[in-house]
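# Understanding the architecture of this molecule
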Amino acid sequence: MNEAKPFCISRIEVLEAYKRVKANKGAAGVDGQSLEDFEKKLKKNLYKIWNRMSSGSYFPPPVRTVKIPKKNGGERKLGIPSVADRIAQQVVKARLEPVVDPMFHVDSYGYRPGKSALDAVGQARQRCWRYDWVLDLDILGFFDNLDQNLLLREVKKYAPEPWVVLYIERWLKAPMQEEDGRLVPREKGTPQGGVVSPLLSNLFLHFALDRWLGVNHPQVPFERYADDVIVHCRTERQAEEVRQAIAERLRECGLELHPEKTKIVYCKDDLRKGRHSNEKFDFLGYEFRPRRSKNRKGKFFINFSTAVSNKAAKAMKDKIRSWNLPKRSDKAIEDLSCMFNPIIRGWLQYYGRYYRSALYPTMRELDRDLAFWAKRKYKKLRHHLRRATHWIDSISRRSPELFAHWQMGSVAP
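Here we summarise the structure given alongside this text. (Residues numbered from 1 in each chain as written. Predicted model: local features only at pLDDT ≥ 70, side-chain atom pairs only at ≥ 80, totals over all residues. Heavy atoms only, no water.)

Each helix and strand counted, the chain has 14 helices and 11 strands in total. Counting the 413 residues in the chain, one finds 47% classified as buried. Taking contacts inside the chain between residues at least 6 apart in sequence as the whole, the part at least 24 apart equals 67%. Element-wise, carbon and sulfur atoms account for 50% of the exposed surface of the chain, whose accessible area totals about 21,200 Å². Positive and negative side-chain charges of the chain, numbering 78 and 50 respectively, have mean locations separated by a distance of 7 Å. (Helix = DSSP H or I, 4+ residues; strand = E, 2+ residues; numbered from the N terminus. Buried < 20%, exposed > 50% of the residue type's maximum accessible area, 1.4 Å probe, protein only. Contact = heavy atoms within 4.5 Å. Areas by Shrake-Rupley, 256 points an atom, 1.4 Å probe, with all protein chains shown as cover. Lys, Arg positive; Asp, Glu negative; His and termini not counted. Charge placed at Lys NZ, Arg CZ, Asp CG, Glu CD.)

See below:
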C-alpha cells in the first residue's frame, strides 16, 4: 500500500463517475461552478478528486440549500452538492450499491437499478384488488430527521472499504449553506439532492422498516418508493394494529409518522360493501379510488382503480400555462413541437400507463392553447376560435407525430 495513497481508488472509477454525473446534469453547488466550467479544466479537476480521495484528504464543501414548494403547501429543502462533490459521491455509490442493493426488499422500488415508480404503482394496483384495506404511510420529514448514527452503523456492516465509511460520514456531517450564506451544521438527516443520499435512505429504511415488516408482519405486503410507503391489509383492525406497530418501530429509529397524513383507506368496489371516511389515496402521482369501469360485455361496474392524480394533473396544466403558447406566434408549429413534445411524451409515458383517458381533460387544454396560438398567428383565423380549433384538429390528423397526445386517440369532449 502506498502510504501517500492509502485508499485504492482508480482514476478510471473517477472518470466513470464523472460520466454519470454529466449524464444527470444538475445545478452548481456553493462554489458556483457549473458542469461546463468544471469541464474547462477537466483533466486537472478529475485528477484533484482522485488524488484527494485516494489519500484520505478529501473533505466535502458545504451543501447549497435550495427551497422548492411542496405540492401540498410549504417548502422542501434540497441540498445541492458541487459538481466535484457529486463526482466523489458517485465514486462511493458505485462501490457500495452493488453490495447492498441485492439484499434490499423486492418491493423497495425507489432509485434502484431495474426498478421504477411505475413498477410500484402497478404492484399496488394489483394488491388493492386482493386486499380490502390500505395503510398509507407518511414519514414526517424523513430526509431531515434520519438518525445518522444508526445509518453509519449499517454502512459499517456492509461497506466494502473503510474509505466508503469515512467519506459517507463526512458527507452526512457537511454543513448546509442557506440562501443568505449562513452555514448550518447538520446533526441528523441526509440532504435531498445528493448523489449518494437515495442509496443511504434505502439502506436506512431497509433495516428500519422493510426487513422489520418481513420478520414481524410477513402477512402484509407493501410497496415502498424512497419514503412513500403503502401497506396492504385484510381488515381495518389489522391496518390499525400494523399502523401502531410501525409507529413504534419508527420511534425506535428516531422517526415518526405524520399524524394527519398517515391514513387507513378502504378499497371500495362493487363487491366490497359498506362505506368508510377514506376511500382514496395518492401514490407516486397516481390517485387510487373507486371508478366507474366497463366490462367486456359493456356493463358498467365500480372498480377500485388508479389514474393520474388531481395534483399531478394540476401540475401539468400549470406547466402548460407557463409555456404561454398563445403568445408564441413568432414560432411555427414545428418549433413548438421541438420545444414541448418531449415533455408531453414523458407525461403520457408515465401518467398514461393506467387509465389513460384520465389525461384527456389536460390534453384538451393543451389543444385549446394551440388553437389560441393559431388564432393569433394566422390572419384568416384571428377572429374565429372555432375555425382555429378545427384547423388544429386537421393538423393533428394530418401530422399526428408532431405532438405525442395526438397519437393517443380522440381527446375531444
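Moving on to the sheet that holds strand 6 (residues 222-225). In space, the four strands of this open sheet follow the order 6-7-3-8, with antiparallel pairing throughout. The open sheet has two edge strands with one neighbour each: strand 6 and strand 8 (263-266). For this sheet, the mean angle separating the axes of adjacent strands, direction not counted, is 20°. In this sheet, strand 7 (residues 228-233) lies alongside strand 6 in antiparallel orientation, the contact comprising four bridges. (Pairing = 2+ DSSP bridges. Axes fitted to C-alpha atoms, helices over the stretch in contact; angles between N-to-C directions.)

In space, the four strands of this open sheet follow the order 2-1-4-5, with mixed pairing throughout. With partners counted over all chains shown, the strands left at the sheet margins are strand 2 (75-80) and strand 5 (183-184), one partner each.

This part is about the pattern of salt bridges. Evaluated as defined, the whole model comprises 27 salt bridges. With its nearest N and O atoms 3.3 Å apart, the salt bridge here joins E241 to R237. Placement of both E241 and R237 in helix 10 (residues 236-252) is noted, with a separation of four residues, approximately one turn of the helix. The salt bridge partner of R275 is E279, with a shortest N-O separation of 3.6 Å. Judged by its relative accessible area of 12%, E279 falls in the buried class. Residues participating in the shared-partner salt-bridge network are K314, K317, D318, R321 and E365. (Salt bridge = Lys/Arg side-chain N within 4 Å of Asp/Glu carboxyl O.)

This paragraph deals with the nonpolar core. The biggest cluster of nonpolar side chains holds 67 residues, and the ones touching the most others in it are M53, I87, W163, I168, F204, V231 and I246. Element by element, the count of residues in this core is highest for helix 9 (residues 197-216), at 10 residues. Once residues lying within four places of it in the same chain are set aside, the contact partners of M53 are F7, I9, Y58, A88, V91, V92, W163 and Y167. Counting residues in hydrophobic clusters, the runner-up holds 49 residues, among them A124, F304, I344 and L359. (Core = buried A, V, L, I, M, F, W, Y, C linked by side-chain atoms within 4.5 Å.)

Across all of its chains, the model carries 23 aromatic pairs by this definition. Judged by centre distance (6.1 Å) and plane angle (40°), the ring pair of Y286 and Y351 falls under tilted. Of the two residues, Y286 sits in strand 10 (residues 286-294) while Y351 sits in helix 12 (residues 333-351), which places them 65 residues apart along the sequence. On the basis of relative accessibility, which here comes to 13%, the residue Y351 falls in the buried class. Through successive ring pairs, a cluster of aromatic residues spans F7, Y58, W163, Y167 and W171. Above the ring of F207, the side-chain terminus of R153 is found at 5.8 Å from the ring centroid. When the ring centre of Y378 is taken as reference, the NZ or CZ atom of K377 above it lies at 5.9 Å. (Phe/Tyr/Trp six-rings, centres within 6.5 Å; stacked < 30°, edge-to-face > 60°. Lys NZ or Arg CZ within 6 Å of the ring centre and 35° of its normal.)

To continue, consider the pairing of strand 1 (residues 63-69). Strand direction decides the pairing type here: strand 1 and strand 4 (residues 176-177), joined by two bridges, are parallel. Residue V63 lies in a different strand from strand 4, and its bridge partner there is M176. Looking at chain direction, strand 1 and strand 2 are connected through six bridges and run antiparallel. Within strand 2, the position partnered with R64 by the bridge is I80.

Before going further, it helps to examine a positive patch on the surface. Among the surface-exposed residues, K41, K44, K48 and R52 lie close enough to one another that they form a single positively charged patch. Tracing the backbone shows K48 in helix 3 (residues 42-55). A relative accessible area of 35% means that K48 is categorised as partly exposed. (Patch = residues over 30% accessible without salt bridge, like charges linked within 9 Å, V, L, I, M, F, W, Y side chains within 5 Å.)

Before going further, it helps to examine the state of the cysteines. One pass over the structure, following the stated rule, counts zero disulfides. Lacking any disulfide linkage, C267 is separated from the closest cysteine sulfur, that of C128, by 4.1 Å. In this structure C267 comes out as buried when scored by relative accessible area, which is 0%. (Disulfide = S-S within 2.5 Å.)

Okay, the environment of K294 next. Its location among the elements puts K294 in strand 10. Apart from the residues lying within four places of it in its own chain, the contact partners of K294 are K299, F300 and F301.

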